Amino acid sequence: GFAATMLARLAGYEGRAVVWCRRPARGFRPGLYGAGLARYGLDPTHLLLAQARDSQGVLWSMEECLRSRAVAAVLGEPDRADLTARRRLQLAAEDNGVAALLLLDAKTAESPGPALTRWRVTGAPAPPDRSAWRVELLKCRDGGRPDAWTLEWRPKNGFDNENGDAAGGLRLAAPFRNGSDK
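Rules and cut-offs
Residues numbered from 1 in each chain as written. Predicted model: local features only at pLDDT ≥ 70, side-chain atom pairs only at ≥ 80, totals over all residues. Heavy atoms only, no water. Pairing = 2+ DSSP bridges. Helix = DSSP H or I, 4+ residues; strand = E, 2+ residues; numbered from the N terminus. Axes fitted to C-alpha atoms, helices over the stretch in contact; angles between N-to-C directions. Contact = heavy atoms within 4.5 Å. 1 Å grid on protein atoms, 1.4 Å probe; cavity = no way out; pocket = protein on both sides within 12 Å on 5 of 7 lines; lining within 4 Å. Points joined across faces, edges and corners; volume = space filled by probe spheres on them. Nonpolar A, V, L, I, M, F, W, Y, C, P; charged D, E, K, R; others polar. Core = buried A, V, L, I, M, F, W, Y, C linked by side-chain atoms within 4.5 Å. Buried < 20%, exposed > 50% of the residue type's maximum accessible area, 1.4 Å probe, protein only. Phe/Tyr/Trp six-rings, centres within 6.5 Å; stacked < 30°, edge-to-face > 60°. Polar contact = N/O pair within 3.5 Å; in protein donor to acceptor, adjacent residues only side chain to side chain.

**Thoughts on the sheet that holds strand 2 (residues 47–51)**
Item 1. Read across the sheet, 4 strands follow the order 2-1-3-4 without closing on themselves; strand pairing throughout is parallel. Here the strands that pair on one side only, and so sit at the sheet edges, are strand 2 and strand 4 (99–102). Looking at each pair of strands side by side, their axes are set apart by 15° on average, direction ignored.
Item 2. As paired strands, strand 1 (residues 18–22) and strand 2 are joined by 5 bridges and run parallel to one another. In the strand pairing of strand 2, Trp-20 is matched with Leu-49.
Item 3. Docked against the sheet, helix 3 (residues 55–68) engages strand 1, strand 3 (73–77) and strand 4, running at close to 175° with respect to strand 3.

**Here's the deal with the layout of surface pockets**
Item 1. Considered as a void within the structure, the largest pocket measures approximately 1,500 Å³ in volume.
Item 2. Residues of the lining of the largest pocket, tallied by class, amount to 32 nonpolar, 6 polar and 8 charged.
Item 3. Estimated volume of the second largest pocket: approximately 170 Å³.
Item 4. Together, Thr-5, Ala-8, Arg-9, Ala-38, Arg-39, Tyr-40, Gly-41, Trp-153, Pro-155, Lys-156 and Gly-169 line the second largest pocket.
Item 5. Secondary structure elements with two or more residues in the lining of the second largest pocket: helix 1 (2–14) and helix 2 (34–39).
Item 6. It is helix 1 that contributes the most residues to the lining of the second largest pocket, 3 residues altogether.
Item 7. A class-by-class count of the residues in the lining of the second largest pocket yields 5 nonpolar, 3 polar and 3 charged.

**Some thoughts on the nonpolar core**
Item 1. Counting 20 residues, the largest nonpolar core has Leu-7, Val-18, Trp-20, Leu-42 and Trp-133 as the members making the most contacts within it.
Item 2. Of all elements in the fold, only helix 1, strand 1, strand 3, strand 6 (131–140) and strand 7 (147–154) reach the threshold of two or more residues within this core.
Item 3. With 6 residues, the single largest contributor to this core is helix 1.
Item 4. In this structure Trp-20 touches Ala-3, Ala-4, Leu-7, Leu-32, Leu-37, Leu-47, Leu-48, Leu-49, Ala-50, Leu-75 and Glu-77, once residues within four positions along its chain are discounted.

**Details of the packing of aromatic side chains**
Item 1. Within the structure shown, the criterion is met by 4 aromatic pairs.
Item 2. Judged by centre distance (5.9 Å) and plane angle (50°), the rings of Tyr-40 and Trp-133 are tilted. Residue Tyr-40 is located in the loop between helix 2 and strand 2, and its partner Trp-133 is located in strand 6; the two are separated by 93 residues in the primary sequence. Note on accessibility: Tyr-40 and Trp-133 belong to one class, buried.
Item 3. Relative to Trp-149, the ring of Trp-119 lies with its centre 6.1 Å away and its plane at 45°, an arrangement referred to as tilted.

**Regarding the side chain of Gln-90**
Item 1. Within the fold, Gln-90 resides in helix 4 (residues 83–96).
Item 2. Within the local environment of Gln-90, its side chain forms a polar contact with the side chain of Glu-94, the two groups lying 2.7 Å apart.

**Remarks on the pairing of strand 6**
Item 1. Sheet topology places strand 5 (residues 117–123) next to strand 6; 7 bridges connect them, and they run antiparallel. Its bridge partner lying in strand 6, Gly-123 is registered against Trp-133.
Item 2. As paired strands, strand 6 and strand 7 are joined by 7 bridges and run antiparallel to one another. In the sheet register, Val-135 faces strand 7, and the bridge partner there is Trp-149.

**What to know about the sheet that holds strand 5**
Item 1. The 4 strands lie next to each other as 5-6-7-8, forming an open sheet whose pairing is antiparallel. Edge positions in the open sheet fall to strand 5 and strand 8 (169–172), since each of these has one partner strand only. Sheet twist, expressed as the average angle between the axes of neighbouring strands with direction ignored, equals 30°.
Item 2. Here strand 7 pairs with strand 8 via 4 bridges, running antiparallel. Each bridged residue has a counterpart across the sheet, and for Arg-154 the counterpart in strand 8 is Gly-169.

Here it is, written out as structure tokens:
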């Protein structure tokens, strides 16, 4: 859900398609569902899905899409990505101005790499009609300090009971405006 939300925002800003590169659904990795993606603001008509046999194919697809400049963003779900592969993706993204999102398991994501930012995203408690995530900034190359926030997604299908505004979108969840006690 969080990945779909980020892709939706990037597609909306650019007005271009986004690409989701992954291995075929099986086992614990479910397939993508258009209506579910749309719930998080990602219009399935702006999504290109690339499926590869293995992690190497996912990484190759990502790099080719990043170099094309035809899309607003590329997201990949390889099982693994070594430092060289991550560096190649970073260079392609920087050279062509295309956002690159790489979903990695916790062990791989903790290892050093060239990414501008590194995040840890986990689920957080939310009411039944919403989704929430605990989002932690682990690294920011340009000087940001590590911090954490709870973000909440509300679909655009009702009203905010607190103040009557139209519901929908990503926002900081109250009362946890950020991870610090300040």
